[in-house]
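Survey of secondary and tertiary structure
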Amino acid sequence: MNDQANVQRLLENPREILGLEARDPRRAEAFWHGLSRAERLRAVLACQGSERLRLIVLAQDADTLVRQLPPDEFLATTLDVGPDAADALVAASTDDQLAYLLDITGWQGERLWPQRYQLWLPAIVEAGAERIARWLAQTDVEVLALLFAHWFRVVKFLTSHDEQEPPDDLPGFTLDGVYFIEFRQKDMQDYASQVLVVLKSQTPDRYTQILEAMLWESAIGMAEDALILRAGRLADLGMPSRAEALELWAAPPPKEAAWRALPTKGETGFLADAPPRSDAALNLLPRDHALPALARALPQGARDRLRAELAYVANCGVMALDVDPTDLEAVARAGREAVGLVNLGLELLSDGDRSVAGQILERLGLAALARQGAQAIRQLNARAWRLVNEGWLAQAPGGLHILDEPLDRWLAGLLFPHPRCYDQLMGDGREYRGFRDQADLEHARRGLDLAEFWGELLGLMGVAIDQLAQLSPELARGRQPLELKLTAVVGTFLARGELGLSGLWPIPAALAPRAVAALQRGLAQWRERRAAESVEALADPARAEMAGQLLRGVLGRIQRDLAAVDASKVDPRFIASLVVEK
């Protein structure tokens, strides 16, 4: 018998049993079978990929453990280990599990994809005639006809008075002397022929029905029927349609967020029979976010209900964002975006109070929380569009690209069809992700506030927006035109002032050394003086604070740009903070 401390440790870190197996297989097996089946199932679900498979096959009742996996967990497990290592899983699978695997992986969008569907055929055939027969019996005639048409061509021969023997030009493979088959793919011939033998021997009428459909039915019509039947099966197993999935991003119905008047989910029996699941969806978010933190404190039954809801939400992300379900990295990104909306909505409704958030989670559905998060993001998206299309950036050369980093990145992210959060910690080329919490929202809101305020600040400095275009034509240096940035606008404006030049035009090339020298001398003092003057000039403390932040930032960038420049040997091509005539 295992003591409770060991059991709890295993459930929290089931890799320990795999380590024990490597050191002492007999002891590991005894320990493993000393657990109840429910405990073994939860330990299996706490692992991923090959480790999950190793734990399953360690059990004497491995087949039963496989069949207890919800279809989405079975899918995740088989995709983790891949078709070449999934023989044991496919052999033990229930009809619903295998159908879910094939319905998800064997289609591309709304089209059957035989090349991917057939990846699992070797595992089905390897499982034996009984498993092949079960797969054939539960698969739609339309799907089998389309698959068979990809694998082989059928010629039908009927004897007549004039012709009693098949002609020599018929394909060589036949099971009944009526349907002659020419295989299109040599690498699939052995598998396909075994499938045909089982089909003909166990269900001869279905064999005839499928081959006749290949000969006479429209492939387009069969594909349409197969799609409808697949959609029904997926809906029965909790996979939303794309239209249903997009509801996560829809505007919330009136009073949907009035959670205080709702009974708890436990009181209504909501998902009361939810089977055990892994924490895969919860693990998509950092542990310190509200949703994962609250989930860890839930009792087992409530946590299973939450996991079931989260699995649905993650599937909504996959369907709505049109992600290839076999691309595990893309699936994780889509699921993380959808689950992030839930966490964001939860933090917004609770205003960051974890005790209130727990009460909300007990009552309000996760889809409703996601809509609250999506609505907050949509409001920022609308503001960003107004700024770019109607605000001061609509008149600025280059539009949003005139902003310096990171404001240009924040604003660009908000303008995506699915607005994104800019995260510079993610590295070049991957700096955008879905919004996850209030901190993301506040950073985006702050970036948008600053971008909007730049237009006002330029006016306070005496720079009219329509003057910016006077700098833009002079930016083509060599063959590559450079973007006009606000750092260059402010640097040029200050340099012209130091040189006694009026207006906002590029610095004459002959004066570039003097301009650089003047900026180098005065920048350190200007940073504090200009910031102080901006605070004094604005009565609103919030606007004064933004002015100070923007001016300190832009003057700091100019100072860093010119720090190593020799004013006597100025090459304007390598100075980003001044616009100089060519």
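Sequence order sets the numbering: in each chain, residues are counted from 1 along the sequence as written. This being a predicted model, a pLDDT of at least 70 is required before a residue's local features are given, and a value of 80 or more before pairs of side-chain atoms are given or counted; all residues contribute to the totals for chains, interfaces and linings. Side-chain metrics rest on all non-hydrogen atoms present in the structure, leaving aside hydrogens and water.

1. Regarding the overall build of the protein chain
For clarity, the cut-off: Runs of H or I in DSSP of at least four residues are treated as helices and runs of E of at least two as strands, each being numbered from the N terminus. Atoms considered for the radius of gyration are the C-alpha atoms alone. The globule rule reads 2.2 Å times the number of residues to the power 0.38. Type-normalised accessible area, obtained with a 1.4 Å probe on protein chains alone, sets the label of each residue: buried when under 20%, exposed when over 50%, and partly exposed for intermediate values. In this description, contact between two residues means that some pair of their heavy atoms is separated by no more than 4.5 Å. Here the open area of atoms and residues is found with the Shrake-Rupley method and a 1.4 Å probe, where only the protein chains shown may cover a residue. Under the counting rule used here, the positive set is Lys and Arg, the negative set is Asp and Glu, and His together with the chain ends is not counted. Taken as the charge location is NZ of Lys, CZ of Arg, CG of Asp or CD of Glu.
The helix and strand tally for the protein chain stands at 28 helices and nine strands. In terms of overall size, the protein chain is more extended than a compact globule, its C-alpha atoms giving a radius of gyration of 33 Å where 582 residues would be expected to give roughly 25 Å. Dimensions of the protein chain along its principal axes, counting C-alpha atoms only, are 105 × 70 × 55 Å. Counting over 582 residues, the protein chain shows a buried share of 49%. A sequence separation of at least 24 residues applies to 70% of the contacts in the protein chain between residues at least 6 apart. Carbon and sulfur atoms form 51% of the exposed surface of the protein chain, whose accessible area is close to 27,900 Å². Positive and negative charge centroids in the protein chain, built from 64 and 82 side chains respectively, lie 7 Å apart.

2. Comments concerning the packing of aromatic side chains
Here is the rule: Pairs were defined over the aromatic rings of Phe, Tyr and Trp, the Trp ring being its six-membered one, requiring ring centres within 6.5 Å. Orientation was assigned from the angle between planes: stacked under 30 degrees, edge-to-face over 60, tilted for the rest.
Counted under the stated rule, the structure contains nine aromatic pairs. Between the aromatic rings of Phe 157 and Phe 180, the centroid separation amounts to 6.5 Å while the plane-to-plane angle is 80°, which identifies the pairing as edge-to-face. A residue pair is termed long-range when its members are at least 10 positions apart, and Phe 157 in the loop between β3 (152-156) and β4 (173-174) and Phe 180 in strand β5 (residues 179-183) qualify at 23 residues. The burial state of Phe 157 is the same as that of Phe 180; both residues are buried. Ring centres of Trp 410 and Tyr 422 lie 5.9 Å apart, and the angle between their planes is 80°; this geometry places the pair in the edge-to-face category. Taken together, the residues span a long stretch of sequence, with Trp 410 in helix α24 (residues 407-415) and Tyr 422 in strand β6 (residues 421-422) at a distance of twelve residues.

3. Remarks on the pairing of β5
Convention followed: Strands pair, by our definition, only if DSSP identifies at least two bridges between them.
Burial runs high along β5: four of the five residues are buried. Connecting the antiparallel pair β4 and β5 is a turn made up of four residues, with Gly 177 showing a positive phi of about 75°.

4. Quick notes on the nonpolar core
Note the threshold: Definition of nonpolar core: a set of buried residues of the types Ala, Val, Leu, Ile, Met, Phe, Trp, Tyr and Cys, connected through side-chain atoms within 4.5 Å.
In terms of nonpolar packing, the biggest core is built from 100 residues, with Leu 291, Trp 392, Leu 393, Leu 411 and Trp 454 touching the most fellow members. By residue number, the principal contributor to this core is helix α23 (residues 366-389), which donates eleven residues. Excluding residues that lie within four positions of it along the chain, Leu 411 makes contacts with Ala 384, Leu 387, Val 388, Leu 393, Leu 400, Leu 403 and Leu 448. Residues Leu 89, Trp 120, Ala 123 and Ile 132 belong to the second largest nonpolar core, which totals 74 residues.

5. Quick look at the sheet that holds β3
Let me state the cut-off plainly: A fitted line through C-alpha atoms serves as each axis, taken over the contacting stretch for helices, and the angle formed by two N-to-C directions is quoted from 0 to 180°.
Read from one edge of the open sheet, three strands run β3-β5-β4, paired in antiparallel fashion. A single partner strand is all that each edge strand has here, and the edge strands are β3 and β4. Set on the sheet, helix α13 (residues 141-151) makes contact with β3 and β5; between it and β3 the angle comes to about 100°.

6. Points about the packing of helix α21 (residues 328-350) against α23
Formally: Reported orientations rely on four angle classes, namely roughly parallel under 35 degrees, roughly antiparallel over 145, roughly perpendicular from 65 to 115, and oblique for the rest.
Where α21 meets α23, the closest approach of the two axes is 7 Å, and the angle between their N-to-C directions is 80°. Considered as vectors, α21 and α23 are oriented roughly perpendicular to each other. Contacts from Leu 341, Val 342, Leu 344, Gly 345, Leu 346, Leu 348 and Leu 349 of α21 reach α23 at Leu 366, Leu 369, Ala 370, Gln 372, Gly 373, Ala 374, Ala 376 and Ile 377.

7. Re unusual backbone geometry
Here the bond from Glu 405 into Pro 406 is cis, since omega is 10°, no more than 30 degrees from zero. Along the chain, the position of Pro 406 falls in the loop between α23 and α24. Non-glycine residue Leu 271 carries a positive phi angle of around 50°. Counting through the fold element by element, Leu 271 comes out in the loop between α18 (265-268) and α19 (290-296). Leu 271 gets classed as partly exposed once you look at its relative accessible area, which sits at 30%. The residue Asp 322 is not glycine, and still its phi comes out positive at about 55°.

8. Re the side chain of Glu 256
Its location among the elements puts Glu 256 in the loop between α17 (242-245) and α18. Residue classification places Glu 256 among the buried positions, given a relative accessible area of 18%. Apart from the residues within four sequence positions on either side, Glu 256 is in contact with Leu 364, Ala 368, Arg 371 and Gln 372.

9. Structural notes on α24
Residues separated by three or four positions in an α-helix point in the same direction, a consequence of the helix having 3.6 residues per turn. Most of α24 is tucked away, with eight of its nine residues classed as buried. Where α24 is concerned, the buried positions are Leu 407, Asp 408, Trp 410, Leu 411, Ala 412, Gly 413, Leu 414 and Leu 415. Summarising the contacts, the buried residues of α24 are in contact with α23, β6, β7 (432-433), α25 (438-461) and α28 (541-562).

10. Regarding the side chain of Arg 496
Selection criterion: When a carboxyl oxygen of Asp or Glu lies within 4 Å of a side-chain nitrogen of Lys or Arg, that pair is called a salt bridge. N or O atoms closer than or at 3.5 Å make up a polar contact, with two conditions inside protein: a donor-capable atom paired with an acceptor-capable one, and, for residues adjacent in sequence, both atoms drawn from side chains.
Mapped onto the elements of the fold, Arg 496 is located in helix α26 (residues 486-499). Although Arg 496 lies buried, it forms no salt bridge, and the closest oppositely charged side chain, Glu 581, sits 6.6 Å away as judged by the N-O distance. A distance of 3.1 Å separates the side chain of Arg 496 from the backbone oxygen of Gly 503, its partner in a polar contact. Sequence-distant contacts of Arg 496, that is, excluding residues within four places in its chain, are made with Leu 501, Ser 502, Gly 503, Leu 504, Trp 505, Pro 506, Ile 507 and Pro 508.

11. Looking at α25
For the record, the criterion: Under the convention used throughout, the expected extent of a helix is 1.5 Å for every residue step, that is, one less than its residue count. For a residue, the bend is simply the angle between two axes, fitted respectively to the seven-residue segment ending there and the seven-residue segment starting there.
Its 24 residues place the ends of α25 34 Å apart at the C-alpha level, agreeing with the 34 Å of an ideal helix rising 1.5 Å per residue. Largest kink in α25: about 35°, centred on Trp 454. Residue Gly 462 follows α25 closely and has a positive phi angle near 95°.

12. What about the packing of helix α9 (residues 95-105) against helix α12 (residues 129-138)?
What counts here: By definition, turning the near helix anticlockwise from the far helix through less than a right angle yields a left-handed crossing, and turning it clockwise yields a right-handed one. Think of it as three bins: nonpolar holds Ala, Val, Leu, Ile, Met, Phe, Trp, Tyr, Cys and Pro, charged holds Asp, Glu, Lys and Arg, and polar takes everything else, Gly as well.
Direction vectors running N to C along α9 and α12 enclose 65°, while the axes themselves pass 10 Å from each other. What the angle tells us is that α9 and α12 run roughly perpendicular. The chirality of how α9 crosses α12 is right-handed. Facing α9, whose interface residues are Asp 95, Leu 98, Ala 99 and Leu 102, α12 presents Arg 131, Arg 134, Trp 135 and Gln 138. In terms of residue class, the contact of α9 with α12 is made up of four nonpolar, one polar and three charged.

13. Considerations on the pattern of salt bridges
Summed over all chains, the structure comprises 34 salt bridges. We note a salt bridge from Arg 52 to Glu 73, for which the minimum N-O separation is 3.1 Å. Of this pair, Arg 52 sits in helix α5 (residues 49-58) while Glu 73 sits in helix α7 (residues 71-81), and the two are 21 residues apart along the sequence. The exposure classification of Arg 52 matches that of Glu 73, with both residues buried. In this structure, the salt-bridge partner of Asp 103 is Arg 233, at a minimum N-O distance of 2.8 Å. Here Asp 103 is found in helix α9, whereas its partner Arg 233 is found in helix α16 (residues 219-236), with 130 residues between them in sequence. Judged by its relative accessible area of 6%, Asp 103 falls in the buried class. Overlapping salt bridges, with partners in common, bring together Arg 42, Asp 279, Arg 303, Asp 304 and Arg 307 in one network.

What is shown is where atoms sit, not what they do.
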